Amino acid sequence: MRYRSIWRKTVSVLMLGVTGLCALVTVSVLVLILAYLAVKGWHDLSWSFLTQLPKPVGEAGGGMANAIVGSGKLLLVAVVTGVPVGLMAGIYLAEFGGRTFSFMIRYTTDLLNGVPSIVMGIFIYTIVVLPMGHFSALAGGLALGVMLIPIVVRSTEEFLRAVPGTLLEGALALGASRWRGVATVVIPAAFRGIATGVLLSLARVAGETAPLLFTSFSNRYWSPGWSQPIASLPVMIYTYAISPYRSWRQQAWAAGFVLLALVLLVNIGARVILSRRHSVQRG
Amino acid sequence: MATFAGTVTQAARPQGPGRARVFLKRLRSGDEVAHLITLIFALFIFLITCLLVYELYIHSTIPRQRFGWHFLVSRAWDPVFEHFGALPFIYGTLVTSAIALLIAVPLGVGGAIFLAEFAPTQISDGLTFVVELLAAVPSVIYGLLGIFIVVPLLRDPVDPFLQKHLGFLPLFQGPIYGVGFLAAGLVLAIMIVPFILSISREVLLAVPSEQREAALAVGATRWESTWQVVVPYARAGILGSIFLALARALGETMAVTMVIGNTPQISASLFAPGYSIAAVIANEFTEATGPAYLQSLIALGLVLFILTIILNGLARLLILATTRKGTAH
Amino acid sequence: MGAVTNLSSMRSEANRGEQITGRLLRSFEPKFRVSHLNFYYGAVQALHDISLAIPQNQITALIGPSGCGKSTFLRTLNRMSETIRHTRVEGEILLGDEDIFSMDLVTLRRRVGMVFQKPNPFPKTIFDNVAYGLRVNGGYRGAALADAVEASLRRAALWDEVKDQLGKSALALSGGQQQRLCIARALAVNPEVLLLDEPCSALDPIATAKIEDLMFTLKEYCTILIVTHSMQQAARVSTHTGFFLLGKLIEFNETDILFKKPLRKETEDYITGRFG
């Protein structure tokens, strides 16, 4: 009997080690390969990279300035189209929701969230690119905007619900109508959470490549206006990484570094802000 | 919650034309307007989703009419003679996802068990923070790392080693290129492990401590209480996290397309290059000549869409079941 | 603690004196007249045939064990009960001469203010908290707004403590200060009635005493109705008291009489601590 007990205890300690190893392997593999990216990318990063346009193959130098600006423009379209829809829908679900509509909307929001990004690209292709006849920044931005919506809806609803009900009651008791109370008390109270939710959603779609492949396509030059194909950081990384030219592949690392740094910074920043969300309350 | 919830049963409540007047009055007060405006935006989401399904359906009529269900099991992919079949891509998608799950599930669930049950809170929180951050890394970055780290690694030390020692299995036979099903599966595994780990950890933490304590109180070891009581209790949620990760893996485009070899073929060997649904769409969409070609790609997109919907739906149900009540034993 | 008991004994003296003179000089002028009020949460009836009159410019207390309906009753008076789904009200409630159910809801809530059990200041500055009702109800701006805010804070006996920190977050105040801020916020719109729903239950004895003193001065401006768990508090501050039990109003009378010579057995049982 004693041997059995020793065996069980041994197994317990052993499994602690095994699962610990799993956790360690997971984290370290990921951290190591990202550190590799950081080192390699940093090495190939230069000021000219950030400010110049791509040069033809063979010529040294060149950069991805148009891709960086392009990503910015795409995100702008995405914010303008996706964030208002997401915010309003989140407010509806949290503050007004009727029973049948709420279920319908939550279900389709979840559905939209699960759509593979390449399929989203097909969708925007059929409703924007085909009628327009060509690729455009507008199409790419819309694709990203639609992808933003479910994320913004979920975080807006969550943070609005987290505001204690007695705050709205206080406003109502002073004679404010419901919408006024929500707009002037509840939404400001949830503002920090909602804003970070929007930022996180931006970080998420900023790295998306697939939906851009046949909506905004790509461009080796500046893209004025909104109805021309436009370069973007993720697409450039992809194109250069699979190319046979060494100088291009080096630029892919540098671009990867820039993209990763931006995405991680926004994520870390958002988490830090969210964890310090609660104001000090004495008494 | 509408403000018109409470009613008075005496003369004060307006009937007939009076009700319209009351509605208009409330309209002026702004509450109904706000309700309406937010509802319209929210319904817009419903509209977009319906439109998406509709467009996918309409733009895949040619292959559906010409090939019917045969489309799903045909191996052809001949743009010249316009014979298209989905089988190689479905095969590639499923195989790479299976490899990814085989690697990611033990690592993810094991790691989650460690972080939820054994690790001290600070380590657990710290490591979880890092893991969740890694879930935010864009897939093209994983693709980059796949091409320049994973593929060379496979091409030289790993694949030959596997072939040498396990070459009697058809899985490890055939020429080695570095790119192929195994490479794609490996990169996918790296990408989905953070999801499995963080969701499983949350689900495990949600198990009421009374369960653990009950097991420990009858003399079970830490491991026994975890493996025989806590994990089964959270079984549905863990399964749900796996389904979610699978759904993610199925739809994953960039990382896969950069390392899978882009060859529409079905092969038993893991070293062989292949193709996935998302990869072929990404690569050939802009080069598709003729409507049949394009619409076949869109039809593939529809197949992928349906697969992910089913998986996601199942996953949500499972995760909901655990975090609310816990599974039946 | 010594100062507090002195204060409360002085107050009960003044109260009693006022009661006697009140009876002689002032006729009972009702601010609220409630007739045959029935209230339902869905199918469950929470209030049964309540009828009473609440005297103007007095402090009236409502006591009773947990869940007896006194808070529910309070919330029907400013129609806050309507924020919950599936509620139904039958009966008549008159504010002065006006039926509150045909009144404009916003006007009603401006005339009848409410302070809640747990202090619920908005996460805004102290100034913006008090100014909220004034801004929402329109008309106040600039210097007039600042004056009104100061006046409210003075009436709530909070001005001296916060006059230099009006721009600070309201959440930085102590619990007792927050509750007085909520009172100031309610007072800013010049209500005729102030409904207090167990305002001191989350506060320590010193903060409680401050608020009870406050109520005493406030009744000059408005009618006060306070729901309280504490019979001692009811005895200290109120001129009239109503005893609720299981959704019914068992007894309503001058505080002195209710506590010393209750007419109903249930009242007597409650007061002597036999239940609740």
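Residues numbered from 1 in each chain as written. Chains lettered and ligands numbered in written order. Predicted model: local features only at pLDDT ≥ 70, side-chain atom pairs only at ≥ 80, totals over all residues.

## What to know about the overall build of chain B
To be explicit about the condition: Runs of H or I in DSSP of at least four residues are treated as helices and runs of E of at least two as strands, each being numbered from the N terminus. Exposure in this text rests on C-beta crowding, where 20 or more other C-beta atoms within 10 Å of a residue's own make it buried, 12 or fewer make it exposed, and counts in between make it partly exposed. The C-beta atoms are placed from the backbone. Whether two residues are in contact is decided by their C-beta atoms, placed from the backbone, lying within 7 Å.
What chain B contains, in helices and strands, is 14 helices and 3 strands. Going through the 329 residues of chain B one by one, you find that 50% of them count as buried. Taking contacts inside chain B between residues at least 6 apart in sequence as the whole, the part at least 24 apart equals 77%.

## A look at the pairing of strand β8 (residues 223–227) of chain C
All names here are of chain C. The cut-off we apply is this: Pairing between strands is defined by DSSP: at least two bridges between the two strands are required. Classification remark: right-handed applies to a crossover when, strands pointing away from the viewer, the course from the first strand over the helix to the second runs clockwise.
Taking burial as the measure, the 5 residues of β8 include 5 buried ones, the bulk of the element. On β8, burial covers both faces: T223, L225 and V227 on one face and I224 and I226 on the other are all buried. Judged from the 4 bridges that link them, strand β3 (residues 59–63) and β8 form a sheet pairing that is parallel. When the bridges of β8 are listed, L62 appears paired with V227. When strand β7 (residues 193–197) meets β8, the two strands line up parallel, connected through 5 bridges. Considered in β8, the bridge of L195 is made with L225. Note on the crossover from β7 through helix α8 (residues 205–218) to β8: the handedness is right-handed.

## Structural notes on the interface of chain C and chain A
Note the cut-off: Three classes are used, and their members are as follows: Ala, Val, Leu, Ile, Met, Phe, Trp, Tyr, Cys and Pro are nonpolar, Asp, Glu, Lys and Arg are charged, and the others, Gly among them, are polar.
Across the boundary between the two partners, chain C contributes 27 residues, which contact 18 residues of chain A. If you tally residues by element for the side of chain C that touches chain A, the top one is helix α7 (residues 175–187) of chain C, at 5 residues. Across the side of chain C that touches chain A, the residue classes break down as 12 nonpolar, 11 polar and 4 charged.

## Regarding the pairing of strand β9 (residues 240–245) of chain C
Residues and elements named next belong to chain C. Within β9, 6 of the 6 residues are buried, leaving the element largely enclosed by the surrounding structure. Pairing between β9 and strand β10 (residues 248–254): 6 bridges, direction antiparallel. Bridge pairing links L245 to K248 in β10. Between β9 and β10, which pair antiparallel in sequence order, lie 2 residues; one of them, L246, sits at a positive phi of approximately 50°.

## Some remarks on the nonpolar core
In plain terms, the rule: Working definition: the nonpolar core is a set of buried Ala, Val, Leu, Ile, Met, Phe, Trp, Tyr and Cys residues, joined through C-beta atoms within 7 Å.
Formed by 274 residues in total, the largest nonpolar core has its most connected members in I237 of chain A together with A183, V187, I192, I196 and V259 of chain B. Of all the elements, helix α8 (residues 181–205) of chain B adds the most residues to this core, at 18 residues. Here I192 of chain B is in contact with A100, A104, A245, R248 and A249 of chain B, once residues within four sequence places are set aside.

## Let's talk about the packing of helix α9 (residues 233–241) of chain A against helix α10 (residues 246–275) of chain A
Residues and elements named next belong to chain A. Selection criterion: Axis geometry follows a simple rule: fit a line to the C-alpha atoms, using only the stretch in contact for helices, then measure angles between N-to-C directions, giving values from 0 to 180 degrees. Should an angle lie under 35 degrees it is considered roughly parallel, over 145 roughly antiparallel, and from 65 to 115 roughly perpendicular; all remaining angles are considered oblique. Here a crossing is called left-handed whenever its near helix is offset anticlockwise from the far helix by less than a right angle, and right-handed whenever the offset is clockwise.
Two numbers describe how α9 lies on α10: the axes approach to 8 Å, and their chain directions differ by 150°. By the criterion of interaxial angle, the relationship of α9 to α10 is roughly antiparallel. In this structure, α9 meets α10 at a crossing whose hand is left-handed. Contacts between α9 and α10 involve L233, P234, M236, I237, Y240 and A241 on the former and, on the latter, W248, R249, Q251, A252, A255, G256, V258 and L259.

## Brief notes about the interface of chain B and chain A
Counting from both sides, the interface comprises 69 residues of chain B and, opposite them, 72 residues of chain A. Top contributing element to the side of chain B that touches chain A by residue count: helix α2 (residues 31–58) of chain B, with 16 residues. Residues of the side of chain B that touches chain A, tallied by class, amount to 46 nonpolar, 18 polar and 5 charged.

## Brief notes about the sheet that holds strand β6 (residues 112–115) of chain C
Residue and element names in this part refer to chain C. Sheet architecture is open: 6 strands sit in the order β6-β7-β8-β3-β9-β10, paired in mixed fashion. In this open sheet, the two strands that pair with only one neighbour each are β6 and β10. Averaged over all adjacent pairs, the angle separating strand axes in this sheet is 15°, with direction ignored. Relative to β9, β3 runs parallel, the two sharing 4 bridges. When the sheet's bridge partners are listed, I63 is paired in β9 with F243.

## Quick word on the confidence of the model for chain B
The criterion, for reference: In predicted models, pLDDT denotes the confidence assigned by the predictor to each residue on a 0 to 100 scale.
Residues with a pLDDT of 70 or more make up 89% of chain B, whose mean pLDDT is 85. pLDDT under 50 marks residues 1–15 of chain B. Its contacts with residues more than four places away, or in other chains, come to 28 contacts.

## Observations concerning unusual backbone geometry
All names here are of chain C. In this structure, A157 is a non-glycine residue whose phi angle is positive, near 55°. By secondary structure assignment, the location of A157 is in the loop between α5 (142–155) and α6 (159–162). Of note in the backbone geometry, L246 takes a positive phi value of approximately 50° without being a glycine. Following the sequence through the fold, L246 ends up in the loop between β9 and β10. C-beta crowding within 10 Å serves as the criterion here: with 14 such atoms nearby, L246 is assigned to the partly exposed category.

## Observations concerning helix α6 (residues 121–134) of chain B
Residues that lie three or four places apart on an α-helix share one face, since the helix turns once every 3.6 residues. Filter applied, for reference: To estimate the expected span of a helix, count its residues, drop one, and scale the result by 1.5 Å. This arc describes the spread of directions from the helix axis toward the C-beta atoms.
With 14 residues, α6 of chain B should reach 20 Å at 1.5 Å per residue; the first-to-last C-alpha distance of 20 Å fits that figure. Among all positions of α6 of chain B, only L127, T128, V131 and L134 of chain B are buried. The arc that holds the buried residues of α6 of chain B, viewed along the axis, is 115°, so those residues lie on one side. Facing away from the buried side of α6 of chain B by more than 90 degrees, the exposed set consists of T121, Q122 and D125 of chain B. Buried residues belonging to α6 of chain B abut α1 (2–44) of chain A together with α5 (87–118) and α8 of chain B.

## A few points about helix α6 (residues 137–161) of chain A
Residues and elements named next belong to chain A. Cut-off, in case you're wondering: In this scheme, the bend at a residue equals the angle between the axes fitted to the seven residues that finish there and the seven that begin there.
Here α6 is 25 residues long and its end C-alpha atoms lie 36 Å apart, about the 36 Å a rise of 1.5 Å per residue gives. For α6, the principal kink sits at L148 and spans about 30°; a proline, P150, occurs within the next four residues. The buried fraction of α6 amounts to 23 of the 25 residues, a majority that puts the element mostly inside the structure.

## Looking at the packing of helix α5 (residues 117–132) of chain A against α6 of chain A
Residues and elements named next belong to chain A. Where α5 contacts α6, the two axes come as close as 9 Å, and the packing angle between them is 130°. Relative to α6, α5 is oriented oblique. Of the two possible hands of crossing, α5 and α6 adopt the one that is right-handed. Only L138, A139, L142, A143, V146 and M147 of α6 make contact with α5, whose side of the interface consists of S117, M120, G121, I124, V128 and V129. For the contact of α5 with α6, the per-class residue count stands at 10 nonpolar, 2 polar and no charged.

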